[in-house]
Amino acid sequence: MSRLERFRDGLWLQREDEHELGAFKWRGAVAVLEARRPDLVVTASTGNHGAATAWAARRVGVPAVVFVPVQASAAKLALIEAHGADLRRVGADVDEAKDAARAFAAERGAFFFEDGAEPAQFDGYEAIGHELLDAAPEPPGAVVVPVGNGALAIGVFRAIARRAPETLRVAVAAAEAPAMYESWQAGRAVDSERCATFADGLAVRVAIPLAVAELNRLAQRFELVTEDELALAVREYAAAGIRVEGAAAAPLAATRESLPRPAVLIVTGRNIDGPLYERILMDEP
């Protein structure tokens, strides 16, 4: 269970970064693997989902193979390997890694766990919304959730829509990885050629139709944030003693736009490579 804490200026933080894996993804992975109980699970990830899949697979006694992009985060790769997965580095981005993973799973008749395409994930992440509402002293004016493939926002927004319908549901993505934002605007899944954000948890180029359909009916507002805004938010969290990765900084970056208060920001993870983190803190390109 995560923790809700007061931050500043009418902002509250839902601290998903405090789990042993350093990110929220364990909730979805456990929900899916406990429901399916496959003989072998294969997935693709920029890191946190892969670590969560490896962790959950070990819990349910299932071998896991995780495909990652060649340039994936070293911190996240270490977590994947620490939890016993067979790690494969393939492709320039997560969508190329996903193509390889899907083909590998098909060859072996294994379960391909596509992050964002499993309904049980949405159920796992819905618990976050319920937990923050249970802990909040009053219904939030807004809840702000970062969007990579959209599964987290779907789950959280389901809980908010059911229990606090007056709370504004705000999604936020990186301007340099706008596939889900463009899909929200278009009302259908739209792929993008842009995927150049340092926030690897937001680095999605190919939208998942199921996630788009679910998110588009739940998100009431969708913001894009720049790389500079993400970096500034990382530094602002650091000044408060909170280490975050780029995706986790996105909700704070989105508060540059006016939001009803109190607003709850989902702090999704802390797994950022040391050299990248130091460059951001030193305000280096």
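Summarised in this report is the structure supplied together with it. (Residues numbered from 1 in each chain as written. Predicted model: local features only at pLDDT ≥ 70, side-chain atom pairs only at ≥ 80, totals over all residues. Heavy atoms only, no water.)

What to know about the side chain of Arg-205
Just so we agree on the cut-off: Counting from the N terminus, the helices are DSSP H or I runs at least four residues long and the strands are E runs at least two residues long. Pairs of N or O atoms within 3.5 Å make up the polar contacts considered here, provided that, within protein, one atom can donate a hydrogen while the other can accept it, and that residues adjacent in sequence are counted only when both atoms are side-chain atoms. Residue contacts follow a heavy-atom distance rule, with two residues in contact if any of their heavy atoms lie within 4.5 Å.
The residue Arg-205 is located in the loop between α7 (179–186) and α8 (209–218) in this model. There is a polar contact of 2.7 Å between the side chain of Arg-205 and the side chain of Asp-93. With near-sequence residues (within four places) excluded, Arg-205 lies in contact with Asp-93, Asp-95, Glu-96, Ala-179, Asp-191, Ser-192, Glu-193 and Cys-195.

Digging into the packing of aromatic side chains
Our working rule: Aromatic pairs are defined between Phe, Tyr and Trp rings, using the six-membered ring for Trp, whenever the two ring centres lie within 6.5 Å; interplanar angles under 30 degrees are classed as stacked, those over 60 as edge-to-face, and all others as tilted. Exposed residues in this analysis have more than 50% of their type's maximum accessible area, buried residues have under 20%, and partly exposed residues fall in between, with area computed by a 1.4 Å probe over protein chains only.
Applying the stated criterion to the full structure yields seven aromatic pairs. Ring plane angle 40° and centroid distance 5.4 Å describe the contact between Phe-7 and Tyr-237, whose orientation is recorded as tilted. Here Phe-7 is found in strand β1 (residues 3–8), whereas its partner Tyr-237 is found in helix α9 (residues 227–239), with 230 residues between them in sequence. What makes Phe-7 buried here is its relative accessible area of 18%. Taken together, a centroid distance of 6.0 Å and an interplanar angle of 75° make the contact between Trp-26 and Trp-55 edge-to-face. Of this pair, Trp-26 sits in helix α1 (residues 26–36) while Trp-55 sits in helix α2 (residues 48–60); the two residues are 29 residues apart in sequence, bridging distant segments of the chain. For the pair Trp-26 and Trp-55, one class covers both residues: buried.

Observations concerning the sheet that holds strand β4 (residues 64–68)
Our working definition: Paired strands are those between which DSSP finds at least two bridges. Here the axes come from fitting lines to C-alpha atoms, over the contacting stretch only for helices, and the angles between their N-to-C directions go from 0 to 180 degrees.
Here we have four strands laid out as an open sheet, ordered β5-β4-β3-β6, and parallel in their pairing. The open sheet terminates on both sides in strands that have one partner only, identified here as β5 (86–89) and β6 (111–113). Averaged over all pairs of adjacent strands, the angle between strand axes in this sheet comes to 20°, irrespective of strand direction. Here four bridges tie β4 to β5, and the two strands are oriented parallel to one another. Of the residues in β5, the one forming a bridge with Phe-67 is Arg-88. Here α1 sits on the sheet and contacts β3 (41–44) and β6; the angle it forms with β6, its principal contact strand, is near 160°. With respect to the sheet, α2 is in contact with β3, β4 and β6, its orientation differing from that of β3 by roughly 165°.

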